[in-house]
Amino acid sequence: MSWRMPLPALAALALALGAAAPAAHALDCAQLATPIYQAVNPNSQANLLTRWSNEVDSARAKYGFADVRGEVFKAATAPGDGLLAVHRLYRPGSNDFVWITNPAEIASAVARYGYVDQGANFYAAAAPAACAQPVFRLLKGAMHRHATTEAERDALVAAGWRYEMVSFYAARRTSTPPPVASTKFSIAMIPDTQNEVQLLYPGSSGRRLNDWRIQMRNQWLVTQREPLKLAFVGHTGDLVNWGETEVPEAPQYTEHQYKVASAGMDVLGAAGIPYGIALGNHDTRAVCAGGSACPGQSAHANVRLSPLFNRYFDGKFTALAGRMTEGELQNHYSVFEAGGLKWLALVVEFMPRQEAVNWAREVIAAYPRHNVIVMTHAFLDGGGNVIGGNDGYGDKSPAYLWDTALKMYSNVKFVFSGHTGVQARRTLTGTNQNRVEAFNQTFHDNTTAPVRIVEIDTAAGGGRSYVVRPARYQSSGTVMVEQPAREYEAAFDGMSFVR
């Protein structure tokens with residue numbers, strides 16, 4: 001609540017009066033039988049508790065309460081021995097909800113701070129009991145939050161919330177809360193695979209549809225899913241070489257590269273591993289047969305055209321949560337949870353247009369409680385420097401994307417790219433003094449299936465990155481290397497992850 005006289009006055013009043021004074025009669029635990037559901041708006045941090053699951057559905061669809069927690073405790077729907085009426089109060093302007101049991105605190109919130117008393121929402125125990133656990137109340141800026149476990153309370157305090165009090169006591173939810181998630185996990189980043197899927201020359205049969213080059217890497221990732229605790233796989237672009245271009249000499253091969261690439265990436269999809277792909281310039285109509293710009297055509301216009309990519313991959317990004325343009329995938333984002341935290345994998349188009357930079361800012365700002373992984377085809381050059389140009393036919397440079405968007409948000413943690421050089425790494429510092437680890441992986445290899453692994457430990461604030469090559473080409477046939485050697489290994493630390 002953004003009052004000129006801050007909320008601590010209200011909290012002090014509640015503490016002085018007693019937020020949940022003991023009732024005169026013993027509690028009948030059977031009364032606490034109605035599920036109470038919780039949802040949080042990740043943008044405003046508004047918190048909703050309700051007896052009605054359809055209210056959660058409506059709040060999610062209409063008002064942005066996208067973080068749905070499900071049932072968090074049980075309460076009563078009518079007065080009874082040992083129970084207190086829990087009133088729901090709403091403050092227009094800040095859109096804050098808070099649940100209060102003390103009549104004097106309710107009157108103060110209404111009279112002094114502009115809250116609207118929406119009446120008794122449910123009834124909860126006034127004092128602790130074998131069947132009743134504390135529900136904690138916290139405050140951050142203009143918003144209240146209610147937490148149902150000490151671990152959740154402590155995590156919110158660590159994230160800047162101020163603990164106020166026990167609001168009331170309620171029965172534990174029916175299901176046992178999930179165990180605390182491991183803080184360690186990994187992601188994988190696939191470099192440019194254009195040489196793994198290309199036609200050898202226009203009109204040739206080229207790679208087989210089940211070619212081992214792109215499939216073996218993904219098969220290895222599937223086998224290592226558990227050992228690596230692999231949560232997400234990204235591809236930093238140039239999936240194909242000139243897959244969007246017609247082959248007049250052999251029209252049957254016009255879509256051949258996308259067929260090979262799609263079959264290779266389907267290995268991940270079949271295993272249920274979420275993935276996303278940042279489009280490179282070779283994945284668009286800017287590149288013609290042979291891998292060069294299309295003569296007599298506008299590369300600037302064509303680099304935004306990727307109908308075959310959209311057709312082959314729309315619906316395959318299982319963690320997809322949004323995109324800039326309906327039906328297109330040059331700018332999209334996925335969300336997942338790993339290491340006990342929330343993550344957002346943001347794909348930004350190659351040498352982005354201004355509207356794509358604006359969109360990226362809006363997405364990052366809309367998910368302040370998610371740690372952001374950015375994937376864009378061009379960002380670091382082979383020497384580890386942020387690229388300052390636009391390749392002559394792009395729009396904004398990677399340096400512009402960094403300076404006007406990515407560096408401004410403390411929840412941006414990683415940037416991955418390819419396009420040029422072999423591989424590189426650079427540690428950047430955002431406007432809020434947050435560390436951002438940037439990696440380039442390009443390689444342009446077609447025999448060893450290189451892939452970057454990034455191991456992350458959210459508790460330690462760091463991790464390790466390295467490249468492995470899980471395929472070995474030999475005259476008798478290609479074999480998978482189960483435990484490939486690590487290359488370009490580097491540790492990183494000093495990162496503060498959003499919780």
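Above this text sits the structure in question.
Here goes a summary of the coordinates provided.

Conventions used here
- Residues numbered from 1 in each chain as written.
- Predicted model: local features only at pLDDT ≥ 70, side-chain atom pairs only at ≥ 80, totals over all residues.
- Heavy atoms only, no water.
- Phe/Tyr/Trp six-rings, centres within 6.5 Å; stacked < 30°, edge-to-face > 60°.
- Helix = DSSP H or I, 4+ residues; strand = E, 2+ residues; numbered from the N terminus.
- Buried < 20%, exposed > 50% of the residue type's maximum accessible area, 1.4 Å probe, protein only.
- Lys NZ or Arg CZ within 6 Å of the ring centre and 35° of its normal.
- Pairing = 2+ DSSP bridges.
- Axes fitted to C-alpha atoms, helices over the stretch in contact; angles between N-to-C directions.
- Contact = heavy atoms within 4.5 Å.
- Core = buried A, V, L, I, M, F, W, Y, C linked by side-chain atoms within 4.5 Å.

Quick word on the packing of aromatic side chains
Counted under the stated rule, the structure contains 24 aromatic pairs. Aromatic side chains Phe232 and Phe336 sit 5.1 Å apart centroid to centroid with 5° between the ring planes, which places their arrangement in the stacked category. Within this pair, whereas Phe232 is found in strand β11 (residues 230–235), its partner Phe336 is found in strand β16 (residues 332–338), the two being separated by 104 residues in sequence. With relative accessibility at 1%, the residue Phe232 sits in the buried group. Members of the aromatic cluster, each reached through a chain of ring pairs, are Phe185, Trp343, Phe414, Phe416, Phe439, Phe492 and Phe497. Note that Arg153 overlies the ring of Tyr163, its terminal NZ or CZ placed 5.5 Å from the centroid. The ring of Phe313 carries Lys316 above its face, with NZ or CZ at 5.6 Å from the centroid.

A word on the sheet that holds strand β10 (residues 184–190)
Here we have six strands laid out as an open sheet, ordered β12-β11-β10-β22-β23-β26, and mixed in their pairing. One side of each edge strand has no neighbouring strand; the edge strands of this open sheet are β12 (275–277) and β26 (487–492). Along the sheet, successive strands turn relative to each other by an average axial angle of 15°, direction set aside. Bridge count between β10 and β11: five bridges; the pairing is parallel. Of the residues in β11, the one forming a bridge with Ser186 is Leu230. Sitting on the sheet, helix α6 (residues 212–223) is in contact with β10, β11, β22 (451–457) and β23 (462–468), with an inclination near 25° to β22.

So, the nonpolar core
Leu221, Val233, Leu239, Met265, Phe309, Phe313 and Ile453 are the most contacted members of the largest nonpolar core, which totals 30 residues. At five residues, helix α8 (residues 256–270) tops the list of elements feeding residues into this core. What Val233 contacts, discounting residues up to four positions off in sequence, is Ala188, Ile190, Leu221, Leu268, Ile273, Pro274, Tyr275 and Gly276. In this structure, Ala59, Val72, Phe73 and Met143 belong to the second largest nonpolar core, which totals 27 residues.

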